[in-house]
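The lines below spell out each chain.
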Amino acid sequence: MIQPPKDLPLDSILPEEPLLLMGAGPVPVSNRVAMANSVVINHLGETMDKVIERVRLMSQYVFQTSSPHVLGVAGPGSAAMEMAITNLVWPGRKVLSINNGFFSGRLAEMSRRSGGEVDEISLEVGQSADPDAIEILLKERQYDVLTIVQGETSCTVWNRPLAEITKLARRYGVFSVVDAVCTLSTMPLEMDEWQVDVVITGGQKGLASIPGVSLIAFSEHVWPEIMGRTAPMPHWCLDVKLAQQFWEEKGYHYTAPVSGILALHEALRQVCQETLPLRFERHATCSVALQHAIEAMGMSLFVQPHSRLNSVVGITVPDGVDANQVLKTMSSLYKVEISGSFGLNLVRIGQMGEQSRAHNLFRTLHALGMSMKSAGAHIDLPAGMAELERMLDTRESLTA
């Protein structure tokens, strides 16, 4: 008989002092979100019906859409990606995929796996999409779907002309799928005004909820295409027609992740209480202050300002410095965790949700500076700290 393993309680595995999560996600959550995530209720009861109704209503505000077709996904942001792709792409469908990096490339890969004929625009590292180049391709070939990220987390690029690109897609009869996992609620995205057909997001980044429960919104324009699909659907859990039974018709699809949905409810409620304009301003203020402080310290940012993503800040690692050593020192000595990258010589600091608070910025910048110095970088940490304080000095009400 196989014997049970040696007892190892969770508190003996976790660090004695919780790490401050300042990477590219997950992000810290508020006490109300954490508390909601500890509650379990009946996934088909009247209470859950009320929660789902509120989640959809608040999501419409966050997505800036009047479309009622907002669904939750029991899975990470990548599951929401896959729901979007597998319901719109099947053998013979033509897909134009704009690739800025790791996650936009994932959308292209999912499209290929679903049988789509994919034309991929692979941009130079650090570059955002060019609407003129995209329109040339839209004129040359009749595509069915266009995929693009608003913010490429992997290399911290912002596709600034997103609205222009999605409107182009609509003009040429192409359905647009936008990944807003790290950007939704941290910067403007107006689904209806920009004529976006599908927007996907995860809970654990801009919304400052827990990982594992995601959201996807479909426009009224694309909905008939999905409802009228006759091609076989390879996924059961990710079938929009089945998911609609739970999210719109109070029926059964599968056992919903009730605790995660309750956490998402509280995260959305906090976004609505803060309001999007104030939330955008808080995120921009904190991120720009951090960027200025990093440069004042003598380090370089990876992306030029025009295409720079505020939600995740990419910092070029100085020559001769081991990025892994920096990350390890920050985590073990200063109890601050930031992110490495996907093969690029940079480290990344998140500026999403609860990360965008003044006290978190000061602690993170100090940990980064001291760890960089320990790894051999020549930096001016006092100058960076002074610049951060100067940049935030007039905006205390937004960052407190």
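Not measured: the values here are computed from a predicted model.

Student: So what's going on with the pattern of salt bridges? Residues and values would help.
Tutor: A side chain of one charge can pair with a side chain of the opposite charge when the charged atoms of the two come close. Throughout the structure, instances matching the rule amount to 17 salt bridges. Arg32 is the partner of Glu266 in a salt bridge, and the nearest nitrogen-oxygen pair spans 3.0 Å. With Glu266 in helix α9 (residues 258–274) and Arg32 in helix α1 (residues 31–36), the pair connects residues that are 234 residues apart, well separated along the chain. Overall, Arg32 belongs to the partly exposed group, its relative accessible area being 43%. Ionic pairing is found between Glu117 and Lys94, a salt bridge with its closest N-O pair at 4.0 Å. Here Lys94 lies in strand β3 (residues 94–99) and Glu117 lies in strand β4 (residues 117–122), a separation of 23 residues in the sequence. For Lys94, a relative accessible area of 25% translates into the label partly exposed.

Student: So what's going on with the pairing of strand β8 (residues 175–179)? Residues and values would help.
Tutor: Counting buried positions along β8 gives five out of five residues, so the element sits mostly inside the fold. Where strand β5 (residues 145–149) meets β8, five bridges bridge the pair, whose relative direction is parallel. Bridge pairing in β8 links Ile148 to Val178. Across three bridges, β8 lies against strand β9 (residues 198–202) in parallel orientation. Following the sheet pairing, Val177 is matched in β9 by Val198.

Student: Lay out the environment of Leu264 with the relevant residues and their values.
Tutor: With respect to the helices and strands, Leu264 occurs in helix α9. For Leu264, a relative accessible area of 1% corresponds to the buried category. The sequence separation of Leu264 and Ile210 amounts to 54 residues, and the corresponding C-alpha distance is 7.4 Å. Those residues within four positions of Leu264 in sequence are excluded, and the remaining contacts are Val55, Leu207, Ser209, Val213 and Leu215.

Student: So what about the layout of surface pockets? Which residues, and what values?
Tutor: It is a probe the size of a water molecule, rolled over the atoms, that shows where empty space is left. The computed volume of the largest pocket comes to approximately 250 Å³. Lining the largest pocket are 18 residues, with Phe103, Arg106, Val181, Gln204 and Lys205 sitting closest to its centre. For the lining of the largest pocket, the elements supplying multiple residues, two or more each, are α3 (77–88) and α4 (102–113). Examining the composition of the lining of the largest pocket, we find that three residues originate from one element, α3, more than from any other. Taken together, the residues that form the lining of the largest pocket break down as seven nonpolar, seven polar and four charged. Roughly 190 Å³ of volume is contained in the second largest pocket. The class makeup of the residues in the lining of the second largest pocket is seven nonpolar, three polar and two charged.

Student: An account of a nonpolar patch on the surface is needed here, citing residue identities and associated values.
Tutor: Where nonpolar side chains cluster on the molecular surface, the patch consists of Leu8, Leu10, Ile13 and Leu14 and spans about 420 Å² of accessible area. Mapped onto the elements of the fold, Ile13 is located in the segment before β1 (20–21). The exposure class assigned to Ile13 is exposed, which follows from its relative accessible area of 54%.

Student: Describe helix α12 (residues 358–374), and please don't skip the residues or the numbers.
Tutor: In this model, α12 (17 residues) spans 24 Å end to end at C-alpha, consistent with the 24 Å of a helix rising 1.5 Å per residue. Listed in full, the buried residues belonging to α12 are Ala358, Asn360, Leu361, Thr364, Leu365, Ala367, Leu368, Gly369, Ser371 and Met372. Looking one or two residues beyond α12, the residue adopting positive phi is Gly376, at roughly 105 degrees.

Student: Before we move on, could you go through the side chain of Ser67 and cite the residues and values that matter?
Tutor: Inspection of the secondary structure assignment puts Ser67 in the loop between α2 (46–63) and β2 (70–74). Given the relative accessible area of 1%, Ser67 is considered buried. Within the structure, the side chain of Ser67 is placed 2.5 Å from the backbone oxygen of Phe218, a separation counted as a polar contact. For Ser67, the residues in contact, after removing those within four places along its chain, are Gln60, Asp192, Phe218, Ser219 and Glu220.

Student: Tell me about the nonpolar core, and please be specific about residues and values.
Tutor: Ranked by size, the top nonpolar core spans 77 residues in total, and within it Ile134, Val198, Ile216, Phe218 and Ile261 carry the most contacts. Look past the residues within four positions of Phe218 in its chain and what remains in contact with it is Ser67, His69, Leu71, Met191, Asp197, Val198, Trp223, Ile226 and Val240. The next biggest cluster of nonpolar side chains, apart from the first, holds 34 residues, and it includes Ile338, Leu368, Met372 and Leu381.

Reading guide: rules and limits
- Residues numbered from 1 in each chain as written.
- Predicted model: local features only at pLDDT ≥ 70, side-chain atom pairs only at ≥ 80, totals over all residues.
- Heavy atoms only, no water.
- Salt bridge = Lys/Arg side-chain N within 4 Å of Asp/Glu carboxyl O.
- Helix = DSSP H or I, 4+ residues; strand = E, 2+ residues; numbered from the N terminus.
- Buried < 20%, exposed > 50% of the residue type's maximum accessible area, 1.4 Å probe, protein only.
- Pairing = 2+ DSSP bridges.
- Contact = heavy atoms within 4.5 Å.
- 1 Å grid on protein atoms, 1.4 Å probe; cavity = no way out; pocket = protein on both sides within 12 Å on 5 of 7 lines; lining within 4 Å.
- Points joined across faces, edges and corners; volume = space filled by probe spheres on them.
- Nonpolar A, V, L, I, M, F, W, Y, C, P; charged D, E, K, R; others polar.
- Patch = residues over 30% accessible without salt bridge, like charges linked within 9 Å, V, L, I, M, F, W, Y side chains within 5 Å.
- Areas by Shrake-Rupley, 256 points an atom, 1.4 Å probe, with all protein chains shown as cover.
- Expected span 1.5 Å × (residues − 1).
- Polar contact = N/O pair within 3.5 Å; in protein donor to acceptor, adjacent residues only side chain to side chain.
- Core = buried A, V, L, I, M, F, W, Y, C linked by side-chain atoms within 4.5 Å.

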